[in-house]
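These are the residues of each chain, in order.
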Amino acid sequence: MTALLSIEDLKTHFFTRDGVVKAVDGVSFSLMRGQILGLVGESGSGKSVTGFSLLGLVDPPGRIVDGSIRFDGEDLVKGGEPMLRTLRGKRIAMIFQDPMMTLNPVLRIDTQMIETVLAHENVSRAEALKRARDALVMVGISSPDERMQSYPHQFSGGMRQRVAIAIAMLHKPDLIIADEPTTALDVTIQAQILAEMQKLCAETGTALIWITHDLAIVSGLADRLAVMYAGRVVEEGETARVIERPLHPYTKGLIASVPQGKTRGARLQQISGMPPSLRSLPKGCAFRPRCARADEACLEEPALEEKLHGRKARCFHPWSLDEAADARRQAPSRDGMAETAT
Amino acid sequence: MSDDALTAGLAPTATAEPLAADSPFKRLLHTFLEDKLAVIGLVLFTLVVLLAIFAPLIAPQNPYDLAQLDVLDGGLPPGSASMSTGGIYYLGTDEQGRDMLSAILYGLRISLLVATVSLAFAIAIGVTAGTMAAYFGGKIDSLIMRMVDLQLSFPAILIALILLALWGRGVDKVIIALVIVQWAYYARTVRSSAIVEARKDYIEAAHCLALSHSRIMFHHLLPNCLPPLIVVATVQIAQAIALEATLSFLGAGVPITEPSLGLLIANGYNYLLSGRYWVSLFPGIALVLTIVAINLVGDRLRDVFNPRLQK
Amino acid sequence: MIVYILRRIGQSLFALAAMAILVFIGVFAIGNPVDILVNPEANQAEIAATTARLGLDKPLWEQFARFVGHLFQGDLGTSFVYGRPAMEIILQRLPATMELAVTALILAVVIGVPLGVYAGLKPDSIGGRSVMAGSILGFSLPNFWQGLLLILIFAVLLGWLPAGGRGETVEVLGIRVSFLTLDGLRHMILPALNLALFKMSLVIRLTRANTREVCLQEYIKFARAKGLSSTRIVLVHILKNIMIPVVTILGLELGSMIAFAVVTETVFAWPGMGKLLIDSINLLDRPVIVAYLMLTVVIIVTINLIVDLLYSALDPRVRLSQVKA
């Protein structure tokens, strides 16, 4: 079975007055039909720009400078705007972070839904209206007829995000890119939306890329994880195995910084130092200055390689390969990252 | 002086330099100078101001000293030589034989004088009213802002024209009319930014120190409202020049004895259709260049002071 | 909503009352109203008669009551020059001014909005920069000077269009209009353009700034992500958002256009009430000046009221907050 989406060495750079910002600088991952991928990283790691690059929605001065995006066998970078236009909203949909901002405040909900249907299919308004109504019912909005006559400001944040999801589901797309869709919401609403998305994707066979900085959210949702750091994917693999045994020191640090039941009472680990500026990345491995395991070898840039079966990492000294050595290193200070690095 | 002393003296300045470069004023100046058009505007405006100030020294003749005028030289096109003195009239003459270049330089003086004097008074009144409204709030605020709203809901030209229609012509009267139509802009601008500032902690701190009202208003509140005030002032001075010119053109502004650029244009208007374009055209160009220069500077200042557009 | 409308009407009435008081103070309280309201060429007996008729020998409050009473009857005195009620003369000239102002407003929107949107969508392109440079020029050139240049170029140098006057008019519902005859249209092009240019620059700058602002909004990106054509995004999503501030400003600017028509009408000898005002100023025909002022104030206050109500009808967010309030 071939992948629905496969991204190869994607590079999206922003050409600003103060220099080139390499927001995305070597992102590779692939996704099967119906699969859920968690794209994880700190703010500024390039995960959102990756999402926008897929749909060709990167605003100037940014543009894709290298790499390929193959969607269902077609190269989206080569296909350009005409091809992307037919795909956007139809086969690849997107959900944004802040539901307060994604709906046009001066247009009614029905207008904003119907136009999405009509943008891709030549159906009557009545038919489009019916489709919009069904989509609202599907995302759990009660009294949809009345709701459709409303303006966005009459909805709560959670409701708006449901509307945005309904719009994304209108054409039963093959892939949905969700850019931190629950970050701006209350925790209880977050859980609802999360469950809703999971259920919808399972029912319709839609693949999902869930972009987030919150490892805890995706660990229960995603089939696979891709961890990004400074514009690059540093680790990719099955969620359970990545969480259980991270390869890249950064992934390990990220996991250690999530509070869990078993670490109760212990001090939370933090990754020392600051994320590097994307204008001037350190030589070699971008994580080197913050990494406890770094040595001279890391002055060369590591490639994203398969380290274990089905698992890739961009590191010369991955964890979990030499269990015995790891155990020894880990012994004095649980993890060693925070202390030894400083 | 030994080399050591030199380097020792230099060293601190060398380290202090990056700090100095980061001072707000220098940074703003730097951003301002990035825009070529704005720099051109600034240079042009400085030039215009200098020409106006030194007009009596630069101008070939005093256009209002009748002894210097020669009726035989009336209506000469640009570049003509004088019949009597042989001097060149680079921009031509009007029907009385007045050198247009001199008339423009003197006219510029009047135009800028009216605009700057009215600007100063309007700012003084507007800033006081706006700061008081923001600082005291309540009844004083609503009274002042009612007046501002009322004033701003009527076009400036309408109010100024009516006032001058009732009062008659005169440089002083034009200035008063301009002050009356302009103070409200400053009051509104200062109030809106002062209200934001007045809620901040440092004003609270000033209250705790039991500083006087006027000291808090003018030493603490006002300096923080300066950026929008400067932007509005540049826009308004251009407006004031244009408004004065318009009023004078309509015959309700300055008297014939002290013609501004607007009045010069009006005087030449009748000759425009008969082909003596220069009597009207050149004062007009001088007027337009002045206003464009100020607007270019103002446009840039707006961007420089706008935190949302800063990177 | 009704509460809001009533409150807004109350504010308008307040503005009218304030202006009436100011005019009263200007005419009656400061200086000698006889100078203002009595023909300067009148002899002693006439002056005494008028003083008595106007009640200028009465106490100030009574004079004010009288003034307000006359105001409600539309009686603002008799023109020295024409010997007819000042209001009647002004009203006669009103259609010509309104025709000019409305045409100019339409020109400003029809040309200004597309140019502003274009400059907002492509701020760094040569076209976008030229539009902006042009608007700075339009902003900087004083109205009367633009008019002179238009005359110089199109009437004197090229000889394509007439330099002044109203041309042939037709009577529609008792009002004489120019725009229905070819000759009238030819006479109207230059003055209407002249009056429009300044506002056009304003519309361009406003539209451009708003377009840039709206373009950065997430909902525009979301609209693109939905696969909408750029035509629909611009014509529906962007335009609908920027029309709110544009309509507001323009409504308010209609008032200032009527005021600025004074300049245009003078330059182009357009027989509207602005030209009448300037003529009256030159002839010291003060009752006409006062009548012009009061009429213009009423027009402007009314326009401001209508615009405010229209604004709340346009923006669903405002509508809701007012229902709540």
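Note that the structure is predicted; figures quoted are calculated from it, not measured. (Residues numbered from 1 in each chain as written. Chains lettered and ligands numbered in written order. Predicted model: local features only at pLDDT ≥ 70, side-chain atom pairs only at ≥ 80, totals over all residues. Heavy atoms only, no water.)

(A) Here's a closer look at the overall build of chain A. Within chain A, the secondary structure is distributed over 13 helices and 12 strands. Taken over C-alpha atoms, the radius of gyration comes to 21 Å for chain A, in line with the 20 Å a tight globule of 342 residues would show. Along the three orthogonal principal directions, the C-alpha set of chain A runs to about 70 × 45 × 45 Å. The burial tally for chain A puts 53% of its 342 residues in the buried class. Across chain A, contacts joining residues at least 24 apart in sequence account for 65% of those joining residues at least 6 apart. On chain A, roughly 15000 Å² of surface is accessible, and the fraction owed to carbon and sulfur atoms is 50%. Computed over 42 positive and 42 negative side-chain charges, the separation of the two mean positions in chain A equals 1 Å. (Helix = DSSP H or I, 4+ residues; strand = E, 2+ residues; numbered from the N terminus. Rg over C-alpha atoms; globule rule 2.2 N^0.38 Å. Buried < 20%, exposed > 50% of the residue type's maximum accessible area, 1.4 Å probe, protein only. Contact = heavy atoms within 4.5 Å. Areas by Shrake-Rupley, 256 points an atom, 1.4 Å probe, with all protein chains shown as cover. Lys, Arg positive; Asp, Glu negative; His and termini not counted. Charge placed at Lys NZ, Arg CZ, Asp CG, Glu CD.)

(B) Region of the structure containing the interface of chain A and chain C. At the interface, 29 residues of chain A touch 22 residues of chain C. At the boundary of chain A with chain C, total buried surface from both sides reaches about 2400 Å², with 60% on carbon and sulfur atoms. Summed over the shared surface of chain A and chain C, the number is 4 salt bridges. Our enumeration of links across chain A and chain C arrives at 13 residue pairs in polar contact (both at pLDDT 80 or more). Elements supplying a minimum of two residues to the side of chain A that touches chain C: β6 (92-95), α3 (99-102), α4 (109-120) and α7 (157-169) of chain A. The class makeup of the residues in the side of chain A that touches chain C is 15 nonpolar, 10 polar and 4 charged. (Buried area = accessible area lost by both parts, 1.4 Å probe. Salt bridge = Lys/Arg side-chain N within 4 Å of Asp/Glu carboxyl O. Polar contact = N/O pair within 3.5 Å; in protein donor to acceptor, adjacent residues only side chain to side chain. Nonpolar A, V, L, I, M, F, W, Y, C, P; charged D, E, K, R; others polar.)

(C) Main features of the pairing of strand β3 (residues 36-40) of chain A. All names here are of chain A. Of all 5 residues making up β3, 5 are buried, and the element is well covered by its neighbours. In β3, alternate side chains face the same way, and those of I36, G38 and V40 on one face and L37 and L39 on the other are all buried. Bridge analysis of β3 against strand β8 (residues 207-212) gives 5 bridges, and the strand direction is parallel. Considered in β8, the bridge of V40 is made with T212. (Pairing = 2+ DSSP bridges.)

(D) Region of interest: the interface of chain B and chain C. Contact residues are listed per partner, giving 36 residues for chain B and 41 residues for chain C. Contact between chain B and chain C buries roughly 3400 Å² in total, counting both sides, with carbon and sulfur atoms accounting for 80%. The largest per-residue losses of area from chain B upon contact with chain C belong to F154, L166 and L250 of chain B, which jointly make up 16% of the total buried on that side. Counting across the interface, chain B meets chain C through 0 salt bridges. For the pair chain B and chain C, the interface holds 0 residue pairs in polar contact (both at pLDDT 80 or more). For the side of chain B that touches chain C, the elements supplying multiple residues, two or more each, are α6 (138-152), α7 (156-167), α11 (226-249), α12 (261-272) and α13 (278-305) of chain B. Sorting elements by how many residues they give to the side of chain B that touches chain C places α13 of chain B first, with 12 residues.

(E) Inspection of the packing of helix α7 (residues 143-157) of chain C against helix α8 (residues 182-215) of chain C at higher detail. Residues and elements named next belong to chain C. Where α7 meets α8, the axes come as close as 9 Å, and the angle between the chain directions of the two elements is 140°. Between α7 and α8, the angle is such that the two are oblique. Taken as a pair, α7 and α8 cross one another with a handedness that is right-handed. Each of N143, Q146, G147, L150 and F154 in α7 lies in contact with α8, whose residues at this interface are L190, L193, N194, L197 and F198. Across the contact of α7 with α8, the residue classes tally to 6 nonpolar, 4 polar and no charged. (Axes fitted to C-alpha atoms, helices over the stretch in contact; angles between N-to-C directions. Parallel < 35°, antiparallel > 145°, perpendicular 65-115°, else oblique. Left-handed = near helix turned anticlockwise from the far one by under 90°.)

(F) Molecular detail of the sheet that holds strand β11 (residues 305-308) of chain A. Residue and element names in this part refer to chain A. The strand order across the open sheet built from 8 strands is β6-β7-β8-β3-β9-β10-β12-β11, with neighbouring strands paired in mixed fashion. At either end of the open sheet lies a strand with only one pairing partner, and these are β6 and β11. In this sheet, adjacent strand axes meet at a mean angle of 25° when their direction is disregarded. Strand direction decides the pairing type here: β6 and strand β7 (residues 175-179), joined by 4 bridges, are parallel.

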